[in-house]
Number of protein chains: 2
Amino acid sequence: VRVIGIDPGVAVTGFAVIEGTSGRLRPVAMGVVRTAREDAPGRRLATLQERLGGVLRTHSPRVAAVERVFFSANVKTAMAVGQASGIVLAEAARQGVVVSDYTPLEVKQAVVGFGGAPKLQVQAMVARLLGLSAPARPSDVADACALAICHLNRAGLAAALRGATA
Amino acid sequence: VRVIGIDPGVAVTGFAVIEGTSGRLRPVAMGVVRTAREDAPGRRLATLQERLGGVLRTHSPRVAAVERVFFSANVKTAMAVGQASGIVLAEAARQGVVVSDYTPLEVKQAVVGFGGAPKLQVQAMVARLLGLSAPARPSDVADACALAICHLNRAGLAAALRGATA
């Protein structure tokens, strides 16, 4: 299964396309979509949609894994995160990509096996699982990788459980 | 000048296209874009984008007036409002429509002349200014009307002030 993890932001959106086949994880593409600070918010969001749309068309993932956001954190940036997340969800739907969302706790548990793991430990484990020589940078890309891995691990577990029950 | 006021929401987005010429306000079109509750969030946002895009193409407003949102209100609905607002801003930008945003206080002051005006008073004044026989329904449409009127009044005032200075 090919999965894209996406960490949305108006300024920087991290993405990571990862292929999961029989327990192996293969990074296909990763990077960021950046928008120009001097542009109006709507223009930045339209740019995000165009470029992310290009990434989806190029790599044709079946699933997009995103963070389930609650806005407990920073009220000031909440609006911008919500706007960017809306663009990501709409563009995925437009291209027939199924969206799965995970809480930060679920991501850490799936990647490190421990929900209280610090961010640096998650990034190091992501690099190890994907065979990268160093943690993915910027952190938006590492977060996107972790989301994709989370989906693949949980999907693999679900398939194994179905097999055991059958 | 032709202005569209937009009150974004994932479930219901109100819009009102209003033409302002030499102090007169003429309602051109108003209504709502509704999305299906049973659809996934991304599908609902994609539907909002398609239908609002159709409204913009049909009526070609020069400016979109939207509310400046701060998320002081309801944290639970904040994410959905942010997502819908992101779609509105991006689609306006894609179609070359300039976005102006106004606080609820600015809207009330522009429409009623008093920032503390209750919602029903704003709706009654909107109906009077547009020559409607009854307040616009649902309230999302009335809010969209108020936003468009706010932009037209302030733009008219700005033009008058420029004239006085010239």
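Now for a look at the structure at hand.

### Digging into the sheet that holds strand E5 (residues 98-102) of chain B
All names here are of chain B.
Thinking step 1. One open sheet accounts for five strands, arranged E3-E2-E1-E4-E5; its pairing is mixed. Every interior strand has two partners, whereas the edge strands, strand E3 (24-34) and E5, have only one. The mean angle between the axes of side-by-side strands here comes to 25°, regardless of whether they run parallel or antiparallel.
Thinking step 2. In this structure, strand E4 (residues 63-67) lies alongside E5, joined through five bridges in parallel fashion. In the sheet register, valine 63 faces E5, and the bridge partner there is valine 98.

### Observations concerning the relation of the copies chain A and chain B
Thinking step 1. Superposition of chain A onto chain B requires a rotation of 180° combined with a translation of 0.0 Å along the rotation axis, giving an RMSD of 0.0 Å. This pairing of chains is accounted for by a two-fold axis.
Thinking step 2. Looking at chain A, 100% of its interface residues are interface residues in chain B too, so the copies touch through the same face.

### What about the sheet that holds strand E4 (residues 63-67) of chain A?
Residues and elements named next belong to chain A.
Thinking step 1. Spatially, five strands are ordered E3-E2-E1-E4-E5 in an open sheet, and the strand pairing comes out mixed. Since the sheet does not close on itself, it has two edges, and those belong to strand E3 (24-34) and strand E5 (98-102), each with one partner. Taken over all neighbouring pairs, the strand axes of this sheet differ in orientation by 25° on average, direction set aside.

### Looking at the interface of chain A and chain B
Thinking step 1. The partner chain B presents 21 residues to the 21 residues of chain A that form the contact.
Thinking step 2. For the pairing of chain A and chain B, the buried interface totals around 1700 Å² over both sides, and the portion due to carbon and sulfur atoms is 71%.
Thinking step 3. In this assembly, chain A and chain B are joined by zero salt bridges.
Thinking step 4. Our count for the chain A to chain B interface comes out at seven residue pairs in polar contact (both at pLDDT 80 or more).
Thinking step 5. Listing elements by their share of the side of chain A that touches chain B, those giving two or more residues are helix H1 (41-59) and helix H2 (75-94) of chain A.
Thinking step 6. Among the elements that line the side of chain A that touches chain B, the one with the most residues is H2(A), at 12 residues.
Thinking step 7. Grouping the amino acids of the side of chain A that touches chain B by side-chain chemistry returns 13 nonpolar, six polar and two charged.

### A few points about the side chain of Glu91(A)
All names here are of chain A.
Thinking step 1. Structurally, the position occupied by glutamate 91 is in helix H2.
Thinking step 2. A distance of 2.9 Å separates a polar atom in the side chain of glutamate 91 from a polar atom in the side chain of arginine 94.
Thinking step 3. In this structure, glutamate 91 is in contact with Gln49, Gly53, Leu56 and Arg57, ignoring residues within four places of it in sequence.

### Details of helix H3 (residues 104-112) of chain A
Thinking step 1. Listed in full, the buried residues belonging to H3(A) are Glu106(A), Val107(A), Ala110(A), Val111(A) and Val112(A).
Thinking step 2. Just past H3(A), the residue Gly113(A) takes up positive phi, approximately 85°.

### Considerations on the environment of Ala29(A)
Residues and elements named next belong to chain A.
Thinking step 1. Its location among the elements puts alanine 29 in strand E3.
Thinking step 2. According to the relative accessible area criterion, alanine 29 is buried, its value standing at 17%.
Thinking step 3. Each C-alpha atom of the pair alanine 29 and serine 85 lies 21 Å from the other, and the pair is 56 residues apart in sequence.
Thinking step 4. In this structure, alanine 29 is in contact with Ala16, Val17 and His59, ignoring residues within four places of it in sequence.

### Things to note about helix H1 (residues 41-59) of chain B
Thinking step 1. Along its 19 residues, H1(B) runs 27 Å from first to last C-alpha, staying within 8% of the 27 Å computed at 1.5 Å per residue.
Thinking step 2. Taken from the residues just after H1(B), Ser60(B) is the one with a positive phi, measuring 40°.

### Brief notes about the pairing of strand E1 (residues 2-7) of chain A
Residue and element names in this part refer to chain A.
Thinking step 1. With five of six residues buried, E1 is to be regarded as a mostly interior element.
Thinking step 2. Pairing analysis gives six bridges linking E1 to strand E2 (residues 12-21), with the strands arranged antiparallel. Counted as the bridge partner of glycine 5 is alanine 16 from E2.
Thinking step 3. The loop that links E1 with its antiparallel partner E2 comprises four residues.

### Quick word on the environment of Met79(A)
All names here are of chain A.
Thinking step 1. Considering the arrangement of structural elements, one finds methionine 79 in helix H2.
Thinking step 2. The exposure class of methionine 79 is buried, given its relative accessible area of 13%.
Thinking step 3. Separated by 69 residues in sequence, methionine 79 and valine 10 have C-alpha atoms that sit 9.9 Å apart.

### As for the pattern of salt bridges
All names here are of chain A.
Thinking step 1. A full pass over the atoms with the stated rule returns 12 salt bridges over all chains.
Thinking step 2. Residue arginine 94 pairs with glutamate 91 through a salt bridge whose shortest N-O separation is 2.9 Å. Residue arginine 94 and its partner glutamate 91 are located together in helix H2, separated by three residues, close to a single helical turn.
Thinking step 3. Of the residues examined, arginine 94 reaches a relative accessible area of 44% and is grouped as partly exposed.
Thinking step 4. According to the relative accessible area criterion, glutamate 91 is buried, its value standing at 2%.

Each value, and the rule that gives it
- Residues numbered from 1 in each chain as written.
- Chains lettered and ligands numbered in written order.
- Predicted model: local features only at pLDDT ≥ 70, side-chain atom pairs only at ≥ 80, totals over all residues.
- Heavy atoms only, no water.
- Pairing = 2+ DSSP bridges.
- Helix = DSSP H or I, 4+ residues; strand = E, 2+ residues; numbered from the N terminus.
- Axes fitted to C-alpha atoms, helices over the stretch in contact; angles between N-to-C directions.
- Least-squares fit on C-alpha atoms with pLDDT ≥ 70 in both.
- Contact = heavy atoms within 4.5 Å.
- Buried area = accessible area lost by both parts, 1.4 Å probe.
- Salt bridge = Lys/Arg side-chain N within 4 Å of Asp/Glu carboxyl O.
- Polar contact = N/O pair within 3.5 Å; in protein donor to acceptor, adjacent residues only side chain to side chain.
- Nonpolar A, V, L, I, M, F, W, Y, C, P; charged D, E, K, R; others polar.
- Buried < 20%, exposed > 50% of the residue type's maximum accessible area, 1.4 Å probe, protein only.
- Expected span 1.5 Å × (residues − 1).

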